[in-house]
Structures are given as structure tokens and as C-alpha cells.
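# Coordinate analysis (summary)
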Amino acid sequence: MKNKFSTFVCQNCGSETSQYFGRCLNCKEWNTIVEENKTQIFKTPKKNKPQTKKAKLFDEITSEKISRFSSGFQEFDRVLGGGIVPGSVVLLGGEPGIGKSTIILQAAGKISLKKKVLYITSEESLEQVKIRWERLNQNCNYLKIYAETNLSFILDEIKNVNPSFAIIDSIQAIHNAEMESSPGSVSQVRICSAELQTFAKENNISLLIIGHVTKDGALAGPKTLEHLVDVVINFEGDKVSSYRLLRSTKNRFGSTFEIGIFEMLEKGLSEIKNPSSIFTNKENISGVTTIISSEGTRPLAVDIQALVNKTFYSNPRRTTTGISINRVHQILAVIEKHLGIKLSEYDCYIATGGGFEINDPSSDLGVAISILSSFKNIPPLENCSFIGELGLSGQLRQINNLRPKIEEAVRLGIKNILVPKTKDNLKTNFANIIKIKEISNIKEAVDYALIQ
Ligand code: TYD
Ligand code: MG
């Protein structure tokens, strides 16, 4: 039985209202509410089946080890938590043109050497996919391409082909013909993903859904999509640089905040196996330090650059690239209070190497030393790396994963490292390899690393 009704849906967050508003009551975005003519499908309730399942004790539940298969890219596998889990649903989001179709077509080719793969393209024609494929110059075995936008045909074809891995490129371009709203609208995205998800789980097919992000970086209808799927991965990067980053923000089968790094070349994406080398310059100049940031299970060396200049404005300018401006405000306040330096009369510009986005609080010390190094115009201690979260009272707080960071510094040939005081016996472990200086506050760090 069908019933037509009109509803107003925010295209940013997916919340529904019964009347039009200029501003969404939920996410507070302007002009995102669109009227959608929805067709509600009332399903006749199924007759109650007799109960077959019973509650079990933990001892009675047999847990099978999750078996995964490789995507063909080590970097991709890492972000997925070790590979693709059969029957899982992965959402790959990213801005248009960033390379989502490219990476997934490459992965599809590699997976198809061992498993059946179906690539469903709803944005491009078969010919366009073929042209892209020829450019990639890769091998494949059982890889089928299907160009369709109608969800029920897509589900039928997945049933016919019965692949181990299916790709939907993209969710915004497919539609359920029973609904009147246009493809890409939140209701369509929601209903199509839900049907695909149920289908994939019932048939034990791994499904990868591609979704475009809106202008402010959110997936269209994110709330509905993100809770449905098992893994959410974002593909990031700016179109000017050729580096691309895969970042997981949700993973039911692995840790989140893992990253995978790629470079876009003429023949598609290639993995960067030694990423620390691309975010550091290893120069010893004033205003630049190297920090070791934890990205998932992997430590990564990144440069922090600072430029501190006398201001010409009544309010000094503070701009950042790759690091939160609030974090920088806090570090500036700590410096002003505990070192007595009047930074409120100076403009501060902070940027990370390659614009790499850092969220690890242990980068505070490196940021502070970069600022002070630029302010004093003295290069920091040569071949040195800085690790430590700065407390509001100017002391360095303990951090938990220090050892892998020191190991990464050693691997990069760094000779000095400043770390917070620790109970671990690091000095004897790394004796003669790297000079570890334990410090307790910002003042000690400046006295040690910024000497003329
Ligand atoms: P694409 O995968 O189509 O992006 P998305 O699916 O995220 O919208 O990537 C398109 C861009 O990638 C385009 O600007 C051209 C570039 N590109 C390369 O640089 N090398 C390649 O081998 C391919 C296939 C694309
Ligand atoms: Mg595409």
C-alpha cells in the first residue's frame, strides 16, 4: 500500500520537519531544507514466527576469528583494520575529483585476481570506466562492470553475479524508483543504503559504498549513513598537492584514526610506504621543529613551522594550517604567562608540513618551541625532535605511547629528542642511538633547545 506525503528534509544532516524553515533546527545550517515528496511504503506486517533463537552464555558462543581479504593496497588494509571483512559494509567518502573512483577501481582489479568483484557505476558509462581502467594499466581477472542507477536492477544484478566484493559508485547517483524524491536527496540516500546494507549482510557480500561529501566536509545525510555501515573512511587531500590520505573515523573491526597515504600519479594512486619523509624537511632553521604524531597505530614525523611578527593591528592575527587554532591560542597563553613573553603584540602563523592535519596533543611542545624559535630568531637544537603535551601551568604532561615515537625518530636518523619525564627506563634502551632529554616544563625545554 502506498501513501504520498510531503516532508521537509535537511540535506545536510537528514533531520525531517513537517514545515519549511530557512535554517535547520537540528544542525543550524541555512538553506538546506528541501521539500521531498516521499512515498511511504507500508509493509503488511509479517505473521509472528515462532521464536527460534535463545539467549546464550558467553561460554556457549563460539567466536570465529574474523577472516579478512586484502584490498591489494597495504595502506588501504591498514585503515580497514587489516583487510576487508566478508559481509561488511564500508562507506568511502571524499570530495568530488579527489580520486575515490580511481582508488577503488585499482583495488577492484587487485581483489579480482582472487575473488569475484562487481563494480557498479552509476555516474559514469561503461566506456568511461574502460578508459580509466586502460590508464591504470593493471591486471584483473573476475571483474565485472555494471552501469545502472536503479536500485532494484542493481540488487538483481548483484544476485546474478554473486560477487564476494561489490562497489557502489556512488550512493548519491542511485535511486529507489518507488520513491519520488530525486537521486542524491537524503531520503533516497537513506533508503538505498539501508536496502543495500540488508542485502549485503543476508548474502555475505562485502560492500563498499562511495559517497560524496558536501561543501563543509560532511557526508550527505551523514547521521543516517554512518550508523548503518561498519566502517567509515574519508579520502582527503587538496587538489593542488598530489598526496591523498585515507582516514577511518569509524571501524567496527579495527581501530579508528588509522591513516593510509597515497600519491596520485599519471597511472593512478601509488602507496607511500615511508610517509614521514614527505612531511619533514630536516632543515635547521628558526621557526621549524619536528614532532612525532601518533596516527592510529603509526607514528609519523611532521614539521611544525611558525612565523612570529610584530603586529600592525589592534588585535594580533593568528592563523593555522593543519592544527586547531584553539590549541595554538592555548599554547600562546601558556608561553605568555609562564615565560613572560608578550606574544599579544605579535602575529603568529602556524603551519604543519604539507598541511598535514595533526590532532595529537603531544605536538604542543613542538608548536611552542617553533613559536619561540621564530620569536627569538634562533634555530632550535640541531637534529632534534620534540614530544610533549603542554599543561596549562607550563608543565609537560605524561604521554602513554612514547616508545613508538622514539623508535620512529631513531628510524629517521634524529639524534636528540625532548620528552616529558617518564617512569620507563628509556635512556638505557636507546643509549648511544639517540639522546633522550627528559624535561618537566616549558622553561626547561627552552633553556635546553633554544640556545644561541
Ligand atoms: P576520480 O577518481 O574520478 O575522483 P572521484 O571519484 O573522487 O570524483 O579522480 C579524478 C581525478 O584524478 C582527476 O582530476 C584526474 C586524476 N587522475 C590522475 O591524476 N591519474 C589517474 O591515473 C586517474 C585515473 C585520475
Ligand atoms: Mg567518481
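All values derive from a computational prediction rather than experimental measurement. (Residues numbered from 1 in each chain as written. Chains lettered and ligands numbered in written order. Predicted model: local features only at pLDDT ≥ 70, side-chain atom pairs only at ≥ 80, totals over all residues. Heavy atoms only, no water.)

### Some words on the nonpolar core
- Counting residues in each nonpolar core, the largest one holds 41 residues, and the members touching the most others are Ile335, Ile350, Phe356, Leu365, Ile371 and Leu418.
- Elements with a minimum of two residues in this core: strand E11 (259-265), strand E14 (298-310), helix H8 (325-339), strand E16 (346-352), helix H9 (364-376), strand E17 (384-386) and helix H12 (442-449).
- For this core, the leading source of residues is H9, giving six residues.
- A domain-level breakdown of this core finds at least three residues from each of domain 2 (70-273) and domain 3 (277-449).
- Those residues in contact with isoleucine 371 that sit more than four places away from it in its chain are Ala306, Val308, Ile331, Leu332, Ile335, Leu343 and Ile350. (Core = buried A, V, L, I, M, F, W, Y, C linked by side-chain atoms within 4.5 Å. Buried < 20%, exposed > 50% of the residue type's maximum accessible area, 1.4 Å probe, protein only. Helix = DSSP H or I, 4+ residues; strand = E, 2+ residues; numbered from the N terminus. Domains from an automatic or database assignment. Contact = heavy atoms within 4.5 Å.)

### A word on the sheet that holds strand E7 (residues 165-169)
- Strand order in the open sheet formed by nine strands is E6-E5-E7-E8-E4-E9-E10-E11-E12, and the pairing between neighbours is mixed. The two strands at the open ends of the sheet, each matched to only one other strand, are strand E6 (143-147) and strand E12 (268-271). Going across the sheet, the axis of each strand differs from the next one's by a mean of 25°, ignoring polarity.
- Relative to E6, strand E5 (residues 117-121) is paired through five bridges, and the arrangement is parallel. Residue pairing for E6: threonine 121 is matched across the bridge by alanine 147.
- Along the sheet, helix H3 (residues 126-136) makes contact with E5, E6 and E12, crossing E6 at roughly 145°. (Pairing = 2+ DSSP bridges. Axes fitted to C-alpha atoms, helices over the stretch in contact; angles between N-to-C directions.)

### Here we look at the site of ligand 1
- Contacts to ligand 1 come from 16 residues, most closely from Gly97, Ser101, Thr102, Leu265 and Gly268.
- A distance of 3.1 Å separates an oxygen atom of ligand 1 from a polar atom in the side chain of arginine 132.
- Here an oxygen atom of ligand 1 sits 2.8 Å away from a polar atom, N or O, in the main chain of glutamate 266.
- Isolated, ligand 1 exposes 560 Å² of accessible area, and the fraction of that covered by the protein chains is 75%.
- Among the residues making up the shell around ligand 1, the classes are represented as five nonpolar, five polar and six charged. (Near = heavy atom within 4 Å. Polar contact = N/O pair within 3.5 Å; in protein donor to acceptor, adjacent residues only side chain to side chain. Areas by Shrake-Rupley, 256 points an atom, 1.4 Å probe, with all protein chains shown as cover. Nonpolar A, V, L, I, M, F, W, Y, C, P; charged D, E, K, R; others polar.)

### Points about the packing of aromatic side chains
- Across all of its chains, the model carries six aromatic pairs by this definition.
- Seen in terms of ring centroids, phenylalanine 69 and phenylalanine 165 are 6.2 Å apart; in terms of plane orientation they differ by 80°. Their pairing is edge-to-face. Of this pair, phenylalanine 69 sits in the loop between strand E3 (33-41) and helix H1 (74-80) while phenylalanine 165 is found in strand E7, placing the two residues 96 residues apart along the sequence.
- Judged by its relative accessible area of 10%, phenylalanine 69 is buried.
- Residue class for phenylalanine 165 comes out buried when judged on its relative accessible area of 2%.
- When the centroid spacing of 6.4 Å and the interplanar angle of 85° are considered together, the rings of phenylalanine 235 and phenylalanine 262 count as edge-to-face. Of this pair, phenylalanine 235 sits in strand E9 (residues 231-236) while phenylalanine 262 sits in strand E11; the two residues are 27 residues apart in sequence, bridging distant segments of the chain.
- What links up through ring pairs into an aromatic cluster is the set Phe73, Phe235 and Phe262.
- The ring of phenylalanine 73 carries lysine 110 above its face, with NZ or CZ at 4.7 Å from the centroid.
- The ring of phenylalanine 356 has arginine 247 lying over it, and the distance from NZ or CZ to the ring centre is 5.9 Å. (Phe/Tyr/Trp six-rings, centres within 6.5 Å; stacked < 30°, edge-to-face > 60°. Lys NZ or Arg CZ within 6 Å of the ring centre and 35° of its normal.)

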